[in-house]
Amino acid sequence: MTYTPSADRYKNMQYRRCGNSGIKLPAVSLGLWHNFGHVDVTENSRKILHLAFDSGITHFDLANNYGPPPGSAEENFGRILKQDFQGYRDELIISSKAGYTMWEGPYGDWGSKKYLVSSLDQSLRRMGLEYVDIFYHHRPDPETPLEETMGALDLIVRQGKALYAGISNYPAGVADKAITILKKLGTPCLIHQPKYSMFERWVEGGLLDVLEKDGVGCIPFSPLAQGLLTNKYLHGIPDDSRAAKSTGFLQKSQVTDARINQVKQLNEIAIKRGQTLAQMSLAWLLKDKRVTSVLIGASRPEQLTDSLKCLDNITFSPEELSKIETILK
């Protein structure tokens, strides 16, 4: 069955300028970290992508290691892109990254020019693309000179394999240096992708100030703290949750009684605002003008629909913000 995007897809989405660039991103972007690998049901992934684009989400975020297995999210996305989004490439912002282990040997990890260029070539083949819109270095490399890593991003943009360069997981000081190097090379850093949520606030210790000073956008990942900032954990750890699995990024040890108590109190504020906890958590990030977009994941189309409702109210009263701060301390 041929997919035809909604004619109203741009009417309800908010778009925000990304730093000092000419690019605007949707306030909510779709990350393909989970739920798009070979272990997942392709038809479900397809429905999520259709709903996202129909809702005005133009930005799809990937990385070389997304899956599982690594590389499979790009392969599946590329297949759906070719089948369903022919003719719409110019309406999409597609990003990928490299920085984590992808293949054996000394050239398949971290931040060398050899790794970044080779990895992007592989990503482009997997997705069937001539270029990505944004290419990120996924994490700082303590052993490779920053000049080499940023030089690789500059080279990739000049080769036409990416339109913009980005960095991810860089602490404030290193980010400032990386942004300065890119600016001198003539390829300004477009965006930084940090882990940021109500429960993960390290970016407030200087990184957001650096990004504002340097005119760089910010797109937080894991804005719902791997599901902790949803209704799922209000009454403990459900059997089908991420925390119940032995593998994964959210472990049982993180879901403490104190944390669940915080979640319950935050949920009460959300209810008074007419929002779910997830919606309020996304809105809380978007209240800051330095945040360009929030990067969400979805395992079902219904989850995406629910998250998008955060845009109905991204304004907080001083009393609400004060109560949230008291709970989070």
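Scroll up a little and you will see the structure.
Residues numbered from 1 in each chain as written. Predicted model: local features only at pLDDT ≥ 70, side-chain atom pairs only at ≥ 80, totals over all residues. Heavy atoms only, no water.

**Quick word on the pairing of strand β3 (residues 28-31)**
Within a regular strand, the side chains alternate between the two sheet faces. On β3, burial covers both faces: Val-28 and Leu-30 on one face and Ser-29 and Gly-31 on the other are all buried. Across 3 bridges, the pairing between β3 and strand β10 (residues 294-296) is parallel. Paired with Ser-29 across the two strands is Leu-295, which belongs to β10. The sheet contact formed by β3 and strand β4 (residues 59-61) spans 2 bridges and is parallel. Along β4, the bridge assignment pairs Leu-30 with Phe-60. For the crossover that starts at β3, traverses helix α1 (residues 42-54) and ends in the parallel β4, the hand is right-handed. (Buried < 20%, exposed > 50% of the residue type's maximum accessible area, 1.4 Å probe, protein only. Helix = DSSP H or I, 4+ residues; strand = E, 2+ residues; numbered from the N terminus. Pairing = 2+ DSSP bridges. Right-handed = clockwise from strand over helix to strand, strands pointing away.)

**Considering the packing of helix α2 (residues 72-84) against helix α3 (residues 113-127)**
The contact between α2 and α3 brings their axes to 7 Å, and the two run at 40°. In this view, α2 runs oblique relative to α3, as classed from their interaxial angle. Packed against α2, whose contacting residues are Glu-74, Glu-75, Phe-77, Gly-78 and Leu-81, the element α3 presents Ser-123, Arg-126 and Met-127 at the interface. Of the residues that constitute the contact of α2 with α3, the class distribution is 3 nonpolar, 2 polar and 3 charged. (Axes fitted to C-alpha atoms, helices over the stretch in contact; angles between N-to-C directions. Parallel < 35°, antiparallel > 145°, perpendicular 65-115°, else oblique. Contact = heavy atoms within 4.5 Å. Nonpolar A, V, L, I, M, F, W, Y, C, P; charged D, E, K, R; others polar.)

**Digging into the pattern of salt bridges**
With the rule as written, the count across this model stands at 19 salt bridges. Here Arg-158 makes a salt bridge to Asp-154, at a shortest N to O gap of 2.9 Å. Linking Arg-158 with Asp-154, this pair stays in helix α4 (residues 146-158), spanning 4 residues, or about one helical turn. Its relative accessible area of 55% is what places Arg-158 among the exposed residues. By sharing partners, the salt bridges in this structure join Asp-209, Glu-212, Asp-288 and Arg-290 into a single network. (Salt bridge = Lys/Arg side-chain N within 4 Å of Asp/Glu carboxyl O.)

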